[in-house]
Amino acid sequence: MAGLYEIWQRAEVSRRLDVLSGFVAMCVAGDDDARRRLAQLVAGADAAFSASPPDLVVASECLDELVWWADTEWAGHPYRPVEGRPDEADRQTRDYAKDLRHAALPVHVRDEMGRIELSLEVGFLALCRQPGLDCRIREDIFYIAGRAAMALDLGHLEAAEREIRRMEQVGSLEPRESR
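What counts and how
- Residues numbered from 1 in each chain as written.
- Predicted model: local features only at pLDDT ≥ 70, side-chain atom pairs only at ≥ 80, totals over all residues.
- Heavy atoms only, no water.
- Core = buried A, V, L, I, M, F, W, Y, C linked by side-chain atoms within 4.5 Å.
- Buried < 20%, exposed > 50% of the residue type's maximum accessible area, 1.4 Å probe, protein only.
- Helix = DSSP H or I, 4+ residues; strand = E, 2+ residues; numbered from the N terminus.
- Contact = heavy atoms within 4.5 Å.
- Expected span 1.5 Å × (residues − 1).
- Arc of directions from axis to C-beta.
- Phe/Tyr/Trp six-rings, centres within 6.5 Å; stacked < 30°, edge-to-face > 60°.
- Lys NZ or Arg CZ within 6 Å of the ring centre and 35° of its normal.

1. Some thoughts on the nonpolar core
Logical step 1: Counting residues in each nonpolar core, the largest one holds 22 residues, and the members touching the most others are L120, I141, L152 and M167.
Logical step 2: Mapped by element, the contributors of at least two residues to this core are α5 (107–128), α6 (135–153) and α7 (157–171).
Logical step 3: The contacts of I141, once residues within four sequence positions are left out, are F124, L127, L133, M167, V170 and G171.
Logical step 4: In terms of nonpolar packing, the next biggest core, distinct from the first, is built from 20 residues, V24, L38, C62 and V67 among them.

Here's what the structure looks like:
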């Protein structure tokens, strides 16, 4: 199975290809030659991704050509997609990466991840609904829940379960009185 960095790179190129090819498709709707050119670029990227192992260099070259084409032809277009702020681009790429990683996992692992994810969500919501929860404990719960979610994203099921237990333990602590 591909490493996490390779999955992230593939997700980033895929995300950008999807967005930009959709924009270009809208712009070239009436031009058969341009539509063929776009179809060839997208097919080239798809073939590169489908290769074993995936050829990220070729897919990136297809993306670069698509970016150049869009920059040349439609730079001032009001609907030309622009790269989001780094945090937004990373959130979108993370969604793509999760899908790629999820598809590469065996069914029994995906089922186990679903069970752990449900346990995390139910436990997190139950803890957040506790009345009179100390602000610091609530912050710790949010932080630990984030760590558990990140562990799931990375496919570390044991770490996710360990963080869920830790979150439950922190949520059961009584706030200390100031001295």
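Still more ground to cover, so stick around.
2. Some remarks on the side chain of R15
Logical step 1: Within the element layout of this structure, R15 appears in helix α1 (residues 4–27).
Logical step 2: With sequence-adjacent residues up to four places away left out, R15 is seen in contact with E83, A89, Q92, T93 and Y96.

3. A word on α5
Logical step 1: Between its terminal C-alpha atoms α5 stretches 31 Å, which fits the 32 Å expected from 22 residues at 1.5 Å a residue.
Logical step 2: Taken residue by residue, α5 has V109, M113, I116, L120, G123, F124, L127 and C128 as its buried positions. Projection of α5 onto a plane perpendicular to its axis shows the buried side chains occupying an angular sector of 125 degrees, all on one side. Exposed side of α5, more than 90 degrees from the buried face: V107, H108, D111, L118 and V122 are the residues found there.
Logical step 3: Packed against the buried residues of α5 are α6 and α7.

4. Concerning the packing of aromatic side chains
Logical step 1: If you walk through the whole model with that rule in mind, you get three aromatic pairs.
Logical step 2: For the ring pair F124 and F142, a centre distance of 4.9 Å and an interplane angle of 85 degrees mean the geometry is edge-to-face. Of this pair, F124 sits in helix α5 while F142 sits in helix α6, and the two are 18 residues apart along the sequence.
Logical step 3: The class for F124 is buried, based on a relative accessible area of 18%.
Logical step 4: By the ring-pair criterion, three or more aromatic residues cluster together here, those being F23, W69 and W74.
Logical step 5: In this structure, R37 packs its charged tip against the face of W69, placed 4.0 Å from the ring centre.

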